[in-house]
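# Survey of secondary and tertiary structure
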Amino acid sequence: TQRRLDYKKSHRFEIDLSQLNSILSVSDTEVRCEPNVSMGQLTSILLPRGVMLLVVPEYDDLTVGGLIAGYGVEGSSHKYGLFADTVTQMELLLANGDRVVATRDNEYKDLFFAVQWSQGTIAILVSATIQLQPCKPYVR
């Protein structure tokens, strides 16, 4: 017998997130940005301010949303964990249209942890707040 594959022909839709590429705020301890912000964008804004991400991906084209919804392991992960482990807050758009802010310890903590590694299947990431650390211009 052969399996029916009709389910693969179901209706689906795509959401264009290409315009969600802004850095919304930067402080000495965190940056809030949209999911399509690349590591190159972040680095060019953060380094002149003397701060950097805790987990620094090696490719400039990787995006915040991709690193959260994907794996996001990098050279400093042995010390700080995965890229998603440095995220403190996520603003999410749910399938029912609700926009919620999820953190590790609020009422949406289940979503906060479910979005990580979900490949974008749980909710739409609208923005993320990521921890920063001071950095010097040169490493000795």
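Residues numbered from 1 in each chain as written. Predicted model: local features only at pLDDT ≥ 70, side-chain atom pairs only at ≥ 80, totals over all residues. Heavy atoms only, no water.

### As for the environment of leucine 62
Relative to the assigned elements, leucine 62 resides in the loop between strand 3 (51–53) and helix 2 (64–69). Taking the C-alpha atoms as reference, leucine 62 lies 5.4 Å from serine 38; in sequence the two are 24 residues apart. If we ignore the near neighbours within four places in the chain, the residues touching leucine 62 are Val37, Ser38, Met39, Pro57, Leu67 and Glu74. (Helix = DSSP H or I, 4+ residues; strand = E, 2+ residues; numbered from the N terminus. Contact = heavy atoms within 4.5 Å.)

### Observations concerning the nonpolar core
Leu53, Val64, Ile68, Phe83, Leu92 and Ile130 are the most contacted members of the largest nonpolar core, which totals 28 residues. Taken together, the elements giving at least two residues each to this core come down to strand 2 (30–33), helix 1 (39–46), strand 3, helix 2, strand 4 (87–93), strand 5 (99–103), helix 4 (109–115) and strand 6 (124–134). The element contributing the most residues to this core is strand 6, with 4 residues. If sequence neighbours within four positions are ignored, isoleucine 68 has contacts with Phe83, Ala84, Val87, Met90, Val115, Gln116, Trp117, Leu125 and Ala128. (Core = buried A, V, L, I, M, F, W, Y, C linked by side-chain atoms within 4.5 Å. Buried < 20%, exposed > 50% of the residue type's maximum accessible area, 1.4 Å probe, protein only.)

### Here we look at a nonpolar patch on the surface
On the surface, Tyr71, Val73 and Trp117 cluster together to form a nonpolar patch covering roughly 330 Å² of accessible area. Within the secondary structure, tyrosine 71 is located in the loop between helix 2 and helix 3 (77–80). Its relative accessible area of 49% is what places tyrosine 71 among the partly exposed residues. (Patch = residues over 30% accessible without salt bridge, like charges linked within 9 Å, V, L, I, M, F, W, Y side chains within 5 Å. Areas by Shrake-Rupley, 256 points an atom, 1.4 Å probe, with all protein chains shown as cover. Salt bridge = Lys/Arg side-chain N within 4 Å of Asp/Glu carboxyl O.)

### Side note on the pattern of salt bridges
Under the definition given, this model contains 2 salt bridges. As a salt-bridge pair, glutamate 91 and arginine 99 come within 2.6 Å of each other at their nearest N and O atoms.

### Brief notes about the pairing of strand 4
Pairing of strand 4 with strand 6 involves 6 bridges; the strand directions are antiparallel. Residue pairing across strands places glutamate 91 opposite serine 127, the latter belonging to strand 6. Pairing of strand 4 with strand 5 involves 5 bridges; the strand directions are antiparallel. Within strand 5, the residue paired with glutamate 91 across the bridge is valine 101. Where strand 4 folds back onto strand 5 in an antiparallel hairpin, the turn is made up of 5 residues, including glycine 97, whose phi is positive at roughly 95°. (Pairing = 2+ DSSP bridges.)

### A word on helix 1
Residues Met39, Gly40, Leu42 and Leu46 constitute the buried set of helix 1. Across the axial projection of helix 1, the buried residues extend over an arc of 160°, all falling on one side. Residues of helix 1 that are buried in the fold lie against strand 1 (23–26), strand 2, strand 3, helix 2 and strand 6. (Arc of directions from axis to C-beta.)

### Comments concerning the layout of surface pockets
Of the pockets and cavities examined, the largest pocket occupies roughly 340 Å³. If you go around the largest pocket, you meet 17 residues; those closest to its centre are Leu17, Gly120, Ala123, Ile124 and Leu125. Taken together, the elements giving at least two residues each to the lining of the largest pocket come down to helix 2 and strand 6. For the lining of the largest pocket, the leading source of residues is helix 2, giving 3 residues. Residue composition of the lining of the largest pocket, by class: 13 nonpolar, 4 polar and no charged. (1 Å grid on protein atoms, 1.4 Å probe; cavity = no way out; pocket = protein on both sides within 12 Å on 5 of 7 lines; lining within 4 Å. Points joined across faces, edges and corners; volume = space filled by probe spheres on them. Nonpolar A, V, L, I, M, F, W, Y, C, P; charged D, E, K, R; others polar.)

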